[in-house]
Amino acid sequence: MADLLSDDAVADALSRLPGWERDGDEIVRTAKLPSFRAAIATVDAVADAAEDADHHPDIDIRYATLTFRLSTHSEGGLTAKDPDLAARISAAVDAHS
């Protein structure tokens, strides 16, 4: 069982995650990639990171625009798993931009 992050801990984590913002019990990032292929390559890289972490984001794909939503649903909010995976998602976005 993972501990929920305090509001201050979430704010601190988001200060180190450019492009991410809080939306209730989730953190969210939308990224526009240069092409559909780049977007799908990013999703593929995120899938690998999510499997490694055993933590899976909600992903919305709109051509070359991706929206990632993270929350630890089993805990009812945000845990350390969420900013950790957010950092890996950001790295994947950067690598394919």
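Calculation rules
- Residues numbered from 1 in each chain as written.
- Predicted model: local features only at pLDDT ≥ 70, side-chain atom pairs only at ≥ 80, totals over all residues.
- Heavy atoms only, no water.
- Helix = DSSP H or I, 4+ residues; strand = E, 2+ residues; numbered from the N terminus.
- Buried < 20%, exposed > 50% of the residue type's maximum accessible area, 1.4 Å probe, protein only.
- Contact = heavy atoms within 4.5 Å.
- Core = buried A, V, L, I, M, F, W, Y, C linked by side-chain atoms within 4.5 Å.
- Patch = residues over 30% accessible without salt bridge, like charges linked within 9 Å, V, L, I, M, F, W, Y side chains within 5 Å.
- Areas by Shrake-Rupley, 256 points an atom, 1.4 Å probe, with all protein chains shown as cover.
- Salt bridge = Lys/Arg side-chain N within 4 Å of Asp/Glu carboxyl O.

Looking at this structure, how should I read the side chain of Glu 26?
The topology assignment puts Glu 26 in strand β2 (residues 26-32). The exposure class assigned to Glu 26 is buried, which follows from its relative accessible area of 18%. Filtering out sequence-adjacent residues up to four positions away, Glu 26 remains in contact with Glu 21, Asp 58, Arg 69, Leu 70, Ser 71, His 73 and Leu 78.

Explain the nonpolar core to me, please; I cannot follow it from the model alone.
Among soluble globular proteins, nonpolar side chains are generally buried collectively. The biggest cluster of nonpolar side chains holds 22 residues, and the ones touching the most others in it are Trp 20, Ile 27, Phe 68, Leu 70 and Ile 89. Every element with two or more residues in this core is listed here: α1 (7-15), β2, α2 (36-53), β4 (65-70) and α3 (81-96). Looking at this core element by element, the count peaks at six residues for α2. Each residue touching Ile 27, except ones within four places of it in the same chain, is listed here: Leu 14, Trp 20, Glu 21, Arg 22, Phe 68, Arg 69, Leu 70, Leu 78, Asp 82, Pro 83 and Ala 86.

What exactly am I supposed to notice about a nonpolar patch on the surface here?
Taken together, the side chains of Phe 36, Ile 40, Ile 59, Ile 61 and Tyr 63 make up a nonpolar region of the molecular surface, amounting to roughly 450 Å² of accessible area. Residue assignment for the nonpolar patch shows that the elements contributing at least two residues are α2 and β3 (58-62). Along the chain, the position of Tyr 63 falls in the loop between β3 and β4. Here Tyr 63 falls in the exposed class, since its relative accessible area comes to 59%.

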